[in-house]
Amino acid sequence: MIFAANYNDPIYDQDGTFSGGLTKLIDQHSILFSYLPTKIFEYKFPILINANFLTNVNREQIHLDSAWNQWLFHKIGSEIFQWIKELVCNEQFGSQAYYLLPLKLKTTHNILSKCFNQSYETSISHCNFILNRTNQLLRVDQVIMDSTLMSKQLSFINIYSMRQYIMTKLTNSSSEYADQPFIDCDPNLLRIGVRQFTWHDCVDMFKSEIFLKTHSVEDNISMIEYFYTQFSRIEMGCDLHVSIEQIPFIMDQNNCLQASKDIYFSMEIVKNNSRGNSKDVYVHPYVFNWLNQFAPKGIYGWLQSLGVIERTDLTYLHKTILPNVTTYITLENAIETIEILFMLFEKNSIAEQCYFSDHYKPRLPLETYLKSKKDRFLSFDYISNSICKKSNDNLAEWRRFFLMLNVQEELRVIEYQHKLTIQDAIQAGFHRQYLKRTSPDGRSQVDSYSGLKTITFLEYTKNDYEFAKCFWSYVLNNVQVEKLLQNIRIYWTQRGWDNDKSGAMLENAGYVAWFVKNTQCIPTILNTCELAKDVFIDTKEMKDLCDKYLPFPSFSTVHDTKHWQYIFNFKTNLSSDNYFDLLEKIHLDEQHLNDNLERIQLIYSYILKEIPSWSKGELIKIHTRANKMYLLTENNQWKLAKTLFVYIEENGMNNNLGDIIPCLKLDFKNKTERHLQMLLELFNIKQIKVTDLKLVAQDPTPAQIFRNKLIEISPFLKAWLTKLSYPSDVISSIDSILQEKIDFIESDCLQFYFDGKLIQETYVYNDILSQKFYINRPWKGEMTLMELPKKLCQLLNIEKFDDKLGFLLRANKKDIIKHFQKLAIELLIARDVYARMVVIFYSSEETNSMMNRPRRSLSSESNDKQIDNIQLIDISLIATESSMFTTNLLTKIGNNEVLDSDIGIRGEQIIYEYLLNEYRHQLDSVSIKWENEFEESHLPYDILLIRNGKTHYIEVKSTRTCNHSSFPLSFNQIEAIIEHEENYFIYRISLEDKKLFILDNIRRRLKQKQQLSCFLTIESS
């Protein structure tokens, strides 16, 4: 049993980013091998498995009832884990080995799947294949996967307390965790049942007595510094996949940990009075002193932005009273609390921040999106309470009442025309970074604003796809965008002077435009929220280019596009990195490759247009990325760009080069684009021609056994093609290709060299120019048979027949006949007779010797006298100025500029020119007609020559070289030879050698065996 996995050489960027290494197979490539690839796709393993599976003759099905196959599948379930165990201990692979972890097979009612699944479950339970941080191999039930990374933060986390908490609170008593159980998060291990320590678990742990017993105030300072480092440098701590507002990481005066929303900074009166019975929660005095005197610059402001603020009546209402509204009021604090609420009511600060819950049927229901984040929604208890039952039927009256109290039911622009201090603006929801400004002269810090504008709940669009989609769809349809574009006024105080009362007007400084630029709040078709500057405007041109692979807004932007585009500033074109992102995502989406073939060429065309305008620095930057890009080859396979070639010839021929070496797939337009060289240099792609390649065949010999096999299966092949309604001209050409046109050659090894370096080994190669078909011996070898059917189908011009031709090559005649009977394919006796004429040319001495030798006639009655030798003419001597066409055409043929399919018509054209030149002085008495000049005449001759009243029928047989001394004749041509015995001529022209053999008296030559022999092959079933 052999296992194999995908592996690419590891590549590191300049920034240290890693790519390559082990990867699992995609489902489309997951097939079983039984020394050769089978067609068994239903068992989805992440690796290739080769074993002596028992299959049917077509290798399409595996025998389910075979005890041998059942044993093999049972062994797969155990051996694959042993292999992973070895790989994970190898420094070259390490944790990449977990990519190869299989899952249970889902194939139902399948005994082989059951055998594998049983072995899989046993291995999961008993095999120690997981490596912990101390390089100890552990079982699944001995490890804890820490997705929070807290087990690595030894400066403020006690590992043993963490392990004790997990064992006590999160697991049952039968758990057997190792002393060092923690490993890094790995989704592959998560799928097989490894216990995960999540942020939800971590939050509970931070609140537990077990953890707090070992967590000192000094530890808490280290904890605050850690979270500041993590969350201040990245948007919302996206590396940690958790919102910082949810984590209790700030120690209070009671040595407990609190989340930022639940704790206040200490005020002097509180610090001096030190009210121990107060329900208010304040930052621990030691931590508070550190924040004010010793903490790194920025931590204090960061905590403020998270909601840790000094206690005021409004902050106290939002942070303390409202979150605990059902339990907060007591006999002792009732009067004090009502006084606070009354003062806030007078300022209109309560109801305007309240929003109708969905039960009230507001214009825009938002409770579903926001209740878990901020409970500002009006309780429906006012309606459902028993005291109010009489009014239950009059919901509209209750709505009217609450609307009078300024309860909101839709998104709206909130304007602050009055002056707000920085702290007031932060309390109103404006971001601290937006408010950090200096006066126009740069000498003073701005300390207040007027004219600030925002939109209700704008802050909650941050990284919330569903709400952001609802939010922007509504806003674009219902909010007057002009309000958001109005200018604001700033104020500042100069040292030694009073506050500048007039301030200064700021243009283009709207908060909403700043917010969408600096916050991931724009919902995209990728189901993500992005910065507006990273989202593309949804024009048809952009969507045709990028489709579903790059971020477009998931809401319509057709409303007042000009003003909204000013705010959003969506991208209107792609950067160089965007083009690379697009190609990478298409590469990963293998399922839709056929849909993307034209798109890939469109991307290249855009790059070719724009690459001249890219700066030198940009080219250097993306050149590094280009070195690890995968691009599509002519065979629709993704290969590393720097390993690719581009084949360019003036005549458009490709000579199957893409089958030999990986060639970049380019359409004609992109191949001829004038900046193509810049693109190739960017990706380190080399240009190549057929003449640049050298084929080295080791010990080449004629592949006669292989040719005999092809001749043997040709009746079956033609019958099958006929059954499937393939074109008749394709079927009729098979015999001539297999028996006459192509030389089949076998060798021990086929290697291609470029610039003296070996670039590729192959097992099958069809050389179109020389009409030679190379195969590795033995032709029945595994690797040769993998490529052979496809290359033969290309040779025979048969599409989508690879599998069937492979069956004919592998099976014996008995199995083929049995299969044909199953498919109801009738084997007909061929009625056509093909004559294989071999023309043999002798030296003058040999010819004279043979002419003087007594001959025995084919017929006892024949007394035919000897005839002259076959006439040989050097075409190059007749390529005079009067036949310049012939000269030019022969030059092109010598330079391999003429396709093989055009050799026949070019040969006829040369003979026609030759005859016109030969009889140019006798045109009054000579008539020359090229029967196929405008279209195929289907006559048994190509040129009709009438001279002195005598008709000559000329059939032209063209070849590139004189190596081919044999050629086929149709039944009609044989009849014409017999009918026009002395008037039928065959002009055999060798274009590259510039030789013309004129075969006359064909019937007599065959009878006298003079330089001409005839072989007849009769096809039968």
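Scroll up to find the structure.
Predicted, not measured: the structure shown is a model, and the values here were computed from it.

A. Summary view of unusual backbone geometry. Of the consecutive residues Arg777 and Pro778, the connecting peptide bond is found in the cis state with omega at -5 degrees. Checked against the element boundaries, Pro778 lands in the loop between β33 (772-776) and α31 (782-796). With phi around 60 degrees, Asn636 is a residue other than glycine that occupies positive phi space. Summarising the element assignment, Asn636 is placed in the loop between β23 (630-632) and β24 (638-640). With phi around 60 degrees, His938 is a residue other than glycine that occupies positive phi space. Mapped onto the elements, His938 comes out in the loop between β36 (926-930) and β37 (943-947). Assessed through its relative accessible area of 67%, His938 is described here as exposed.

B. Expanded view of the sheet that holds strand β5 (residues 48-50). If you walk across this open sheet you meet the three strands as β1-β5-β4, and the pairing is mixed. Taken across any chain shown, the strands that pair with only one partner, and hence form the sheet edges, are β1 (2-4) and β4 (32-33). Bridge count between β4 and β5: two bridges; the pairing is parallel. Bridging across to β5, Leu32 finds its partner in Ile49.

C. Quick peek at the packing of aromatic side chains. Enumeration over the complete set of coordinates arrives at 58 aromatic pairs. On the basis of an interplanar angle of 55 degrees and a centroid distance of 6.2 Å, the ring pair of Trp199 and Phe227 is categorised as tilted. Here Trp199, found in helix α5 (residues 199-207), pairs with Phe227, found in helix α7 (residues 217-232); they are 28 residues apart in sequence, far enough to count as distant. Both residues of the pair, Trp199 and Phe227, belong to the buried class.

D. Structural detail: the nonpolar core. By size, the foremost hydrophobic cluster in this structure holds 56 residues, and its most contacted members are Leu366, Leu452, Trp472 and Ile522. Ignoring anything within four residues of it in the chain, the contact list for Trp472 reads Leu458, Thr461, Val512, Val516, Cys521, Ile522, Pro523, Phe555, Trp564 and Phe568.

E. Broad picture of the sheet that holds strand β19 (residues 488-492). Strand order in the open sheet made by the four strands is β16-β17-β19-β20, with antiparallel pairing throughout. Of all strands in the sheet, those with a lone pairing partner are β16 (420-421) and β20 (504-506), marking the two edges. Pairing analysis gives three bridges linking β19 to β20, with the strands arranged antiparallel. The residue bridging Ile490 from the neighbouring strand is Ala504, located in β20.

F. View of the side chain of Asn1001. For Asn1001, the location among the structural elements is in the loop between β41 (995-999) and α39 (1002-1008). Ignoring anything within four residues of it in the chain, the contact list for Asn1001 reads Ile867, Glu981 and Glu982.

G. Main features of the packing of α7 against helix α9 (residues 285-293). It is at 10 Å that the axes of α7 and α9 come closest, and there the two elements cross at 45 degrees. Relative to α9, the element α7 lies oblique. The handedness of the crossing between α7 and α9 is right-handed. The segment α7 lies against α9, with Val217, Glu218, Asn220, Ile221, Ile224 and Glu225 engaging Tyr286, Val287 and Trp290.

H. Quick look at the pairing of strand β29 (residues 743-747). Counting buried residues in β29 gives four out of five residues, a clear majority hidden from the surface. When strand β28 (residues 701-702) meets β29, the two strands line up antiparallel, connected through two bridges. Paired with Thr701 across the bridge in β29 is Glu746. Inspection of the sheet shows β29 paired to β33 by five bridges, in the parallel sense.

Rules used throughout
Residues numbered from 1 in each chain as written. Predicted model: local features only at pLDDT ≥ 70, side-chain atom pairs only at ≥ 80, totals over all residues. Heavy atoms only, no water. Helix = DSSP H or I, 4+ residues; strand = E, 2+ residues; numbered from the N terminus. Buried < 20%, exposed > 50% of the residue type's maximum accessible area, 1.4 Å probe, protein only. Pairing = 2+ DSSP bridges. Phe/Tyr/Trp six-rings, centres within 6.5 Å; stacked < 30°, edge-to-face > 60°. Core = buried A, V, L, I, M, F, W, Y, C linked by side-chain atoms within 4.5 Å. Contact = heavy atoms within 4.5 Å. Axes fitted to C-alpha atoms, helices over the stretch in contact; angles between N-to-C directions. Parallel < 35°, antiparallel > 145°, perpendicular 65-115°, else oblique. Left-handed = near helix turned anticlockwise from the far one by under 90°.

Scope: geometric values only; no functional claims are made or implied.
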